[in-house]
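# Survey of secondary and tertiary structure
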Amino acid sequence: MIRVNGSKTNVGRQLLVKNNKGWSFCDHIIRIQFEVFCLPNYMVYFSKTKEYIDYVQDNMVSSAGQNTISRKGLSNLSLKVPTLPEQVEIIRILDIIIEKENKAKQAAEAVLEQINLLKKSILARAFRGEL
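Because the structure is predicted, anything quoted here is derived from the model rather than measured.

### Some points on the layout of surface pockets
One number sums up the size of the largest pocket: a volume of about 690 Å³. Forming the boundary of the largest pocket are 21 residues, of which Leu15, Leu16, Val17, Arg31 and Ile32 lie nearest the centre. A breakdown of the residues in the lining of the largest pocket according to their chemical character gives 16 nonpolar, four polar and one charged. Taken as a whole, the second largest pocket spans an internal volume of roughly 470 Å³. Lining the second largest pocket we find 18 residues, and of these Ile32, Gln33, Phe34, Leu74 and Ser75 sit closest to its centre. Top element by residues in the lining of the second largest pocket is helix 3 (residues 71-75). It accounts for three residues. Among the residues forming the lining of the second largest pocket, the class breakdown is eleven nonpolar, four polar and three charged.

### Considering the sheet that holds strand 3 (residues 66-68)
Here three strands make up an open sheet; going across it, the order is 1-3-2 and the pairing antiparallel. Looking at the sheet topology across the chains shown, the edges are occupied by strand 1 (4-5) and strand 2 (61-63). For strand 1 and strand 3, the ladder comprises two bridges, and the chain directions are antiparallel. Note on strand 3: the bridge partner recorded for valine 4 is threonine 68.

Criteria and cut-off values
Residues numbered from 1 in each chain as written. Predicted model: local features only at pLDDT ≥ 70, side-chain atom pairs only at ≥ 80, totals over all residues. Heavy atoms only, no water. 1 Å grid on protein atoms, 1.4 Å probe; cavity = no way out; pocket = protein on both sides within 12 Å on 5 of 7 lines; lining within 4 Å. Points joined across faces, edges and corners; volume = space filled by probe spheres on them. Nonpolar A, V, L, I, M, F, W, Y, C, P; charged D, E, K, R; others polar. Helix = DSSP H or I, 4+ residues; strand = E, 2+ residues; numbered from the N terminus. Pairing = 2+ DSSP bridges.

Here is the structure:
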């Protein structure tokens, strides 16, 4: 989790490190361990919820242009943790939704690129007097 950052929107952001190759990080990034068992992917998804973001924003302090949430500030976050099968199902559903969203975004970007190329082609033909 990003503990310290110049951007308030990055503080509290979580990411999943999938391999264990002896990583080392500066003190602006911390490893989170929970008192109850939570699947890492579930917690990364939870960290994108309004509830979590609001909690981080409310418990963040700022000094010398650096925004920080302390381990202690984060430790007071309480949440209801679903059962393991429920976490697995939530992750499965969110993975599907996010995959569909990414495909739709890629398709939209491809269409916008085609429109941009078409506009350039029309303008070029217009300036050559070919319309």
